[in-house]
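Each chain is listed here by its residues.
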Amino acid sequence: LGSATFVPSNLQPVASAPAPHLSTPAALRGAPAATRTSTASLCSHSAGTALGLLLAGAVGGSRAARRKWAKRNSTARLVASVDAGIPVNQTVQPPADLREWRLRSAVQMKGDAWPTPKNDRLLKAARGEKVDHAPKWMMRQAGRYLPEYLELLKTSDFFTVCKTPALSAELTLQPLRRYETLDAMIIFSDILVIPVAMGMPCYMEPAKGPKFEFAIETPADLAKLNMKPDVPSTLGYVFDAIFWTRQRCNNDVPVIGFCGAPWTLMGYMVEGGAVSSFDRAKKWLYLYPEESKKLMAGLRDIIVEYLVNQFDSGAPLLTIFDTNCGQVPPSVYEEFCVPDLKYIATEVKRQRPKALMSVFPKDGEIAWANDSDFDVVGTSWTTSPVRARRDCPDKTLQGNLDPHLLYASPEEIMKTTERMVKEFGVDKYIANLGHGMLPTHPVGGPAAFHEAVNKVSREDAPSPSVAAPKAAASHGARTMTLNLQDGASCSVPMTQAGATNMQKGLAEFVQMFKKKVEAVKPAKYDEFEFSWVQDTLSVEVFCNPNAFATIFDVKMFLTVKAGYIKVTSDIPLSSLQSDLEAYLAA
């Protein structure tokens, strides 16, 4: 269709009355091609005024400044191609003084929260407030599975897009146009912009991924890094992109800011770029523990400043992705990584109390995060909702659909997604994937995912902590004594059927563990979970078989809940088996 010209009459202030953005997906899809082109060319931001929250001079610039911008940019280009009824590219160039505009706005805000988006479901859920149904978005929702993304990348390379606010904003907006019920956008950027700011040039190697011009091979290489870069200057393009995206979406939904965690960034820096296994990084961690802590502490401090600036640019929710969390044992992660993550959340909130913080420790344990200043904790698809709720009862959880499910039929996607939402419960929950979108995903998969999330209301599935008691599975419960650690014990009213099922589950676990011990090649085995519920009482048993060498070492993690009372304890497998045998024999 060629290109159409976008002639702005005025820039839209953040807190103005509702105004049309460049083009609405519904309107474009419902019109013939010729009409779509002319509609896009005629759309413009309307003039508006800040409603008692932001001064026009700080947010939209003075009238003189806006006229000056209009004169300099008499025609901002809006490329309006259409693929299957979806606009492919609607890139709009920001004013030349975008950064000054952003900085004036930040000064006016004085570190306070920006005006609430029209759709604030995500922010409410992050704060633990009640919502009608779970908010949803997808990690890597702006990516190579979208034809409109691929179309734009034909004319620009990846890191140039990241560094160009107009292009970054356009890619950020693309999923929202295609999937109109999304509750958030995540700014299009990359976690590796921080090492680049520290003096490690990076480029995208075709079919392989990001590649640094050099790697951190020994502690001596740390001298090559700038451990105190000028964050506002070197990473200002990210902040500009967030601010411009917020303007372009008319504050319809929140813009999520993000960064990589210190350990994940260190892994890429030591490996020299993207790799299939982070063996060199793990070796570096063990060979140079003090230098590793020094590097991660330096990254930590940069991350704090980086996230504070993202908040000041209009991102109310800030996410830390620790993609490499599961690469190291939990004890090592607790020692090397957790202190820095907790510090980041605490320090960002100290500087910006209204900021909402989220963390995603992929494929790792999350219980540590319950005692932190994070508001939201992401879970991988390897973690069950039951375990996630048990490990982080005080946090809003996010996740955790297996991304590969999006290759399945819409019916299968919807069935599994509805079950997932009901298992997590709508309260204190954000629906997402267990990791990011894949380049070969069909565009119909996310649509089925979104539809299924929308179908489950809070009335259908409140969180487990406030769910209505389940009806008794059977009558005739007798008291079973469970011998816990340190000589303690717990008496639980248990039915014969419940005890029998638990005993059967343990027997299957023992058989699986024997196969693990006898295996010639080491492998990762599924975690064992058992749950029994009657009225307001629940008994849960959990074990990670990969943590034990022999059957005699195995300990089960037991959780007994009755109303608001909860008892947790490690219990040897042999002790639990004996308690069950004694109960069933009585």
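Residues numbered from 1 in each chain as written. Predicted model: local features only at pLDDT ≥ 70, side-chain atom pairs only at ≥ 80, totals over all residues. Heavy atoms only, no water.

Turning our eyes to something else, we now look at the overall build of the protein. Across its full length, the protein holds 22 helices and 19 strands. Here the protein holds 586 residues, and 56% of them are scored as buried. Summarising the internal contacts of the protein: among those between residues at least 6 apart in sequence, 71% fall at separations of at least 24. (Helix = DSSP H or I, 4+ residues; strand = E, 2+ residues; numbered from the N terminus. Buried < 20%, exposed > 50% of the residue type's maximum accessible area, 1.4 Å probe, protein only. Contact = heavy atoms within 4.5 Å.)

For the coordinates displayed, the defined rule picks out 30 salt bridges. Note that Arg177 is salt-bridged to Glu170, the shortest N-O span being 2.8 Å. Relative accessible area serves as the criterion here: at 0%, Glu170 is assigned to the buried category. The partner of Lys349 in a salt bridge is Asp375, and the shortest N-O contact between them spans 2.9 Å. (Salt bridge = Lys/Arg side-chain N within 4 Å of Asp/Glu carboxyl O.)

Take Asp240: it is sitting in helix H12 (residues 236–248). Asp240 has contacts with Leu98, Arg99, Arg102 and Pro165, leaving out every residue within four places of it along the chain.

Turning our eyes to something else, we now look at the sheet that holds strand E16 (residues 528–534). On the basis of which strands lie adjacent, the open sheet formed by four strands has the order E16-E17-E18-E19 and antiparallel pairing. The open sheet has two free edges, formed respectively by E16 and strand E19 (565–572), since each of these has just one partner strand. Going across the sheet, the axis of each strand differs from the next one's by a mean of 15°, ignoring polarity. Two strands pair when backbone bridges link them, and strand E17 (residues 537–543) and strand E18 (residues 555–562) are joined in this way by six bridges, in the antiparallel orientation. Bridge pairing in E18 places Leu537 opposite Ala562. Most of the contacts of helix H21 (residues 496–518) go to E16, to which it runs at about 175°, and overall it touches E16, E17 and E18. The strands touched by helix H22 (residues 573–585) are E17, E18 and E19; relative to E19, the strand with the most contacts, the crossing angle is about 110°. (Pairing = 2+ DSSP bridges. Axes fitted to C-alpha atoms, helices over the stretch in contact; angles between N-to-C directions.)

Further remarks concern the sheet that holds strand E12 (residues 396–401). If you walk across this open sheet you meet the seven strands as E5-E8-E9-E10-E11-E12-E13, and the pairing is parallel. The open sheet has two edge strands with one neighbour each: strand E5 (185–186) and strand E13 (429–433). Set on the sheet, helix H19 (residues 410–424) makes contact with E12 and E13; between it and E12 the angle comes to about 155°.

This next bit is on helix H13 (residues 262–271). An α-helical segment advances 3.6 residues per turn. Residues three or four places apart therefore align on the same side. Most of H13 sits inside the fold, with 10 of its 10 residues counted as buried. Turning to H13, its buried residues are Pro262, Trp263, Thr264, Leu265, Met266, Gly267, Tyr268, Met269, Val270 and Glu271. In the stretch just after H13, Gly272 is the one whose phi turns positive, near 85°.

Here the protein averages 83 in pLDDT, and 82% of its residues register 70 or above. For residues 65–84, every residue scores under 50 in pLDDT, and the model assigns this stretch 56 contacts once sequence neighbours within four places are set aside. (pLDDT = per-residue confidence, 0-100.)

By the alternation rule, side chains of E16 split into Phe528, Phe530, Trp532 and Gln534, which are all buried, and Glu529, Ser531 and Val533, of which none is buried. As defined by bridge partners, E16 adjoins E17 across seven bridges and the pair is classed as antiparallel. Bridge pairing links Phe528 to Cys543 in E17.

The next thing to look at is the side chain of Glu148. Locating Glu148 in the fold gives a position in helix H7 (residues 147–153). Judged by its relative accessible area of 1%, Glu148 is buried. A distance of 2.7 Å separates the side chain of Glu148 from the side chain of Arg178, its partner in a polar contact. (Polar contact = N/O pair within 3.5 Å; in protein donor to acceptor, adjacent residues only side chain to side chain.)

This brings us to unusual backbone geometry. Look at the link from Gly399 to Asn400: it is a cis peptide, with omega at -15°. On the secondary structure map, Asn400 appears in strand E12. Of note, the phi angle at Lys110 is positive, near 55°, even though the residue is not glycine. Even without being a glycine, Lys428 presents a positive backbone phi close to 50°. Within the element layout of this structure, Lys428 appears in the loop between H19 and E13. Residue Lys428 is classed as partly exposed on the basis of its relative accessible area of 23%.

Core analysis: the biggest nonpolar cluster contains 125 residues, and Trp137, Ile194, Ile320 and Phe449 have the highest contact counts within it. In terms of residues, this core owes the most to one element, helix H15 (residues 289–312), which gives 10 residues. Other than its neighbours up to four places away in sequence, Ile320 contacts Cys259, Gly260, Ala261, Leu307, Leu341, Ile344, Met357, Ser358, Val359, Phe360 and Phe374. (Core = buried A, V, L, I, M, F, W, Y, C linked by side-chain atoms within 4.5 Å.)

What follows covers the packing of aromatic side chains. Evaluation of the coordinates by the stated rule reveals 15 aromatic pairs. Residues Phe424 and Tyr429 carry aromatic rings whose centres are separated by 4.6 Å and whose planes lie at 10° to one another, so their mutual orientation is stacked. Taken as a pair, Phe424 and Tyr429 share a single burial class, namely buried. By way of ring pairs, the aromatic residues Trp101, Trp114, Phe243 and Trp244 are connected into one cluster. Lying across the ring of Phe542, Arg390 places its NZ or CZ 4.8 Å from the centre. Over the face of the ring belonging to Tyr583 we find Arg478, whose NZ or CZ atom lies 4.1 Å from the ring centre. (Phe/Tyr/Trp six-rings, centres within 6.5 Å; stacked < 30°, edge-to-face > 60°. Lys NZ or Arg CZ within 6 Å of the ring centre and 35° of its normal.)

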